[in-house]
Amino acid sequence: MTQILESTLFGLLDPIYGPGAPAQTARYQTALEAFARRYGPGPVHLFRAPGRVNLIGEHTDYNHGFVLPAALDKDILLLARPRPGHRVRLSNIEPLFEDAEFELGESIPPAPRGHWSNYLRGAAQMVAAQAATPPPGLDILVAGTAPAGVPRGAGLSSSSALVVAMAVALAHLAGWQPERASLAHRCADAEWYVGTRGGIMDHFAALLSRRDHALFLDCRADAQGSYHTRHIPFPATHRLVVVDSGLHHDNVRGEYNRRVAACRAGVGLLRRSLPDITHLRDVQNIPWADLAGQLPEVATPADLARQGIDLGEIPGLDAQEPLRVAACCRHVWTENARVLQTLDALAANDIAQAGRLLHEAHASARDDYAISTPELDFLVSTAETVDGVAGARLTGAGWGGCVVVLVAQEAVGTLQTQLAAAYAAHTGRTPAIFLCQAGPGAGPVASLSV
Ligand code: GLA
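Predicted, not measured: the structure shown is a model, and the values here were computed from it.

(A) The overall build of the chain, seen in detail. Counting secondary structure elements, the chain contains 13 helices and 12 strands. A compact globule built from 450 residues would reach a C-alpha radius of gyration of about 22 Å, and the chain, at 22 Å, matches this within 12%. C-alpha atoms of the chain, sized along the principal axes, occupy 65 × 50 × 40 Å. Out of the 450 residues belonging to the chain, those deemed buried represent 57%. In the chain, 73% of the contacts between residues at least 6 apart in sequence involve partners at least 24 apart. Surface exposure of the chain reaches about 17,900 Å², of which carbon and sulfur atoms provide 52%. Across the chain, the centroid of the 36 positively charged side chains sits 4 Å from that of the 44 negatively charged ones.

The following block contains the structure:
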């Protein structure tokens, strides 16, 4: 690796990371060196896809509702070199993730459940099916390591970033140029390959974000299949601070799928009086009081099946385990309203109101959707005692991971110190705390030689 390469790299990274570029240069160097060690000298294409933090709008995306995420400057790098044939060889800079190989095609067999390569297989299968020209075989190195990478298991969407990085790389190398929104949608479908019925928020955030902006997304496509998005500038006086509790639940996938099921159950029951609805979004303009009476507190999938309610195919659902139908639907209904109110508050620069909405969103996620943990509750309530904090909430799927705090610029330091000390005293753990430097969406970074 020469000095010239280092300055070239800096020139490439400055538009992406701004003030963070110098810190990224070493990381890119390390990844390029690791690629050359693994696959030998020659050309290499560099791609990146960011993680995201969600300001507000949790578990609304798969209900065709509203979300307001922002891409982080923490991302996954994917280095790729075309090779003859259709074989893809995968390597990861983190030794924890073993090498893997597969043949590119429209039907790629999965590795065992939980294997990291499944995220890339899902994306590869999707691009192979969609691109007019098949993508080439590739030698790939993935470098997603924290702190500059996306922390894993922290609810910041490292897995969707992996899917998106692979899709962006293969599409680029196959000469396929889909619209970003259409690629985001396809990436979300491609992630179903790993067995979670997730929504579209993470892939849209990874692909459509803009530096220093959040991304408002209406998760319902219009009649032409287009999605409405809007880039929302961050308030100049405040920052978003992300605090990682360092803990996450083992069965996030199972719990997540149960929430999806509870929402579908709600739609199924409401269809008795509103036969045209397909998603909870469709009842957003009906007063909650008119809906509540039609929804039971709890119902098991077996009860629902007896009533002719079809939950669709949801992996791992236990027919006897009760779903909290009314509370889950109420969360989605109130959360959609809060996202729209947050847009208004930000447009009016009413940060106190935006903060209150974050606070209410946390309470709803905790009490109605039941996705919080004692540690997340502690972080939120402690953050909200710090002067200058407008509001805080858990962010991401829940069951651990991170909280996001909206805080006045001048109070960031105090917040970090006080929160770290209080969390350490309470749990014995040091939380990772960082500023959300909203970065641009995924894409090719450069083609170089190593
Ligand atoms: C996960 C999913 C997203 C979204 C959030 C909850 O991150 O991948 O699609 O549903 O949970 O808001």
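Picking up after the structure, the text goes on.
(B) Region of interest: the side chain of His 203. As for its placement among the helices and strands, His 203 is situated in helix 6 (residues 201–208). At a separation of 2.7 Å, a polar atom in the side chain of His 203 contacts the side chain of Glu 191. Among residues more than four places away in sequence, those in contact with His 203 are Ser 160, Val 164, Ala 184, Cys 187, Ala 188 and Glu 191.

(C) The arrangement of helix 10 (residues 325–347) in detail. Here helix 10 spans 34 Å end to end across 23 residues, near enough to the 33 Å set by a 1.5 Å rise per residue. Among the residues trailing helix 10, Asn 349 stands out with phi positive, at a value near 55°.

(D) Just the site of the ligand, in detail. In the vicinity of the ligand, the contacting residues are Arg 52, Glu 58, His 59, Asp 61, Tyr 62, Gly 199, Met 201, Asp 202, Tyr 256 and Ala 397. Between the ligand and His 59, the relevant distance is 2.7 Å, taken from an oxygen atom to a main-chain nitrogen or oxygen of the residue. In this structure, Tyr 256 approaches the ligand through a side-chain N or O atom, which is 2.6 Å from an oxygen atom. Protein chains bury 91% of the 310 Å² of accessible surface belonging to the ligand in isolation. Within the shell around the ligand, the residues separate by chemical class into 4 nonpolar, 2 polar and 4 charged.

(E) Here's a closer look at the nonpolar core. Formed by 86 residues in total, the largest nonpolar core has its most connected members in Leu 68, Leu 78, Ile 140, Leu 156, Met 166, Phe 204 and Leu 207. Examining the composition of this core, we find that 13 residues originate from one element, helix 4 (residues 158–174), more than from any other. Sequence-distant contacts of Leu 156, that is, excluding residues within four places in its chain, are made with Gly 51, Arg 52, Val 53, Leu 72, Val 150, Pro 151, Val 242, Cys 402 and Phe 434. Of all hydrophobic cores here, the second largest spans 51 residues; its members include Val 243, Ala 365, Val 389 and Trp 399.

(F) Structural context of the pattern of salt bridges. Under the definition given, this model contains 19 salt bridges. Put simply, Arg 27 and Asp 75 hold a salt bridge, and the shortest N to O gap is 2.7 Å. Residue Arg 27 is located in helix 2 (residues 21–39), and its partner Asp 75 is located in strand 2 (residues 66–83); the two are separated by 48 residues in the primary sequence. In this pair, the class of Arg 27 matches that of Asp 75, namely buried.

(G) Representation of the sheet that holds strand 8 (residues 238–248) within the structure. In spatial order, the strands read 9-10-8-11; together these 4 strands make up an open sheet with antiparallel pairing. Strands with a single pairing partner mark the edges of an open sheet, and in this sheet they are strand 9 (389–395) and strand 11 (432–435). Across the sheet, the mean angle separating the axes of adjacent strands is 20° when strand polarity is ignored. Relative to strand 10 (residues 400–408), strand 8 runs antiparallel, the two being bridged by 8 bridges.

(H) Highlighting the side chain of Arg 338. Relative to the elements of secondary structure, Arg 338 occurs in helix 10. The class of Arg 338 is buried, set by a relative accessible area of 6%. Reaching out from Arg 338, the side chain makes a polar contact with the side chain of Glu 335 at a distance of 2.8 Å. The contact partners of Arg 338, leaving out residues within four places of it in the chain, are Ile 56, His 331, Leu 357, Glu 360, Ala 361 and Ser 364.

(I) View of the packing of aromatic side chains. Across all of its chains, the model carries 8 aromatic pairs by this definition. Of note, Lys 74 hangs over the ring of Phe 434, and the distance from its end group to the ring centre comes to 4.5 Å.

(J) Just the pairing of strand 5 (residues 137–143), in detail. Of all 7 residues making up strand 5, 7 are buried, and the element is well covered by its neighbours. Going residue by residue along strand 5, you find Gly 137, Asp 139, Leu 141 and Ala 143 tucked away on one face and Leu 138, Ile 140 and Val 142 tucked away on the opposite face as well. As paired elements, strand 2 and strand 5 share 7 bridges and run antiparallel to each other. Within the sheet, the bridge partner assigned to Leu 77 lies in strand 5 and is Ala 143. Looking at chain direction, strand 3 (residues 87–92) and strand 5 are connected through 5 bridges and run parallel. Paired with Asn 92 across the bridge in strand 5 is Val 142.

(K) Representation of the packing of helix 12 (residues 374–383) against helix 13 (residues 412–427). Interaxial distance between helix 12 and helix 13 falls to 10 Å at its minimum, and their mutual angle equals 145°. As for the relative orientation of helix 12 and helix 13, their crossing is right-handed in sense. Across from Glu 375, Phe 378, Leu 379, Thr 382 and Ala 383 in helix 12, the residues of helix 13 making contact are Leu 415, Leu 419, Ala 422, Tyr 423, His 426 and Thr 427.

(L) Layout of unusual backbone geometry. Although it is not a glycine, His 59 sits at a positive phi angle of roughly 60°. The residue His 59 is located in the loop between strand 1 (43–56) and strand 2 in this model. Although it is not a glycine, Asp 212 adopts a positive phi angle of roughly 65°. Residue classification places Asp 212 among the partly exposed residues on the basis of a relative accessible area of 45%.

Cut-offs and rules
- Residues numbered from 1 in each chain as written.
- Predicted model: local features only at pLDDT ≥ 70, side-chain atom pairs only at ≥ 80, totals over all residues.
- Heavy atoms only, no water.
- Helix = DSSP H or I, 4+ residues; strand = E, 2+ residues; numbered from the N terminus.
- Rg over C-alpha atoms; globule rule 2.2 N^0.38 Å.
- Buried < 20%, exposed > 50% of the residue type's maximum accessible area, 1.4 Å probe, protein only.
- Contact = heavy atoms within 4.5 Å.
- Areas by Shrake-Rupley, 256 points an atom, 1.4 Å probe, with all protein chains shown as cover.
- Lys, Arg positive; Asp, Glu negative; His and termini not counted.
- Charge placed at Lys NZ, Arg CZ, Asp CG, Glu CD.
- Polar contact = N/O pair within 3.5 Å; in protein donor to acceptor, adjacent residues only side chain to side chain.
- Expected span 1.5 Å × (residues − 1).
- Near = heavy atom within 4 Å.
- Nonpolar A, V, L, I, M, F, W, Y, C, P; charged D, E, K, R; others polar.
- Core = buried A, V, L, I, M, F, W, Y, C linked by side-chain atoms within 4.5 Å.
- Salt bridge = Lys/Arg side-chain N within 4 Å of Asp/Glu carboxyl O.
- Pairing = 2+ DSSP bridges.
- Axes fitted to C-alpha atoms, helices over the stretch in contact; angles between N-to-C directions.
- Phe/Tyr/Trp six-rings, centres within 6.5 Å; stacked < 30°, edge-to-face > 60°.
- Lys NZ or Arg CZ within 6 Å of the ring centre and 35° of its normal.
- Left-handed = near helix turned anticlockwise from the far one by under 90°.

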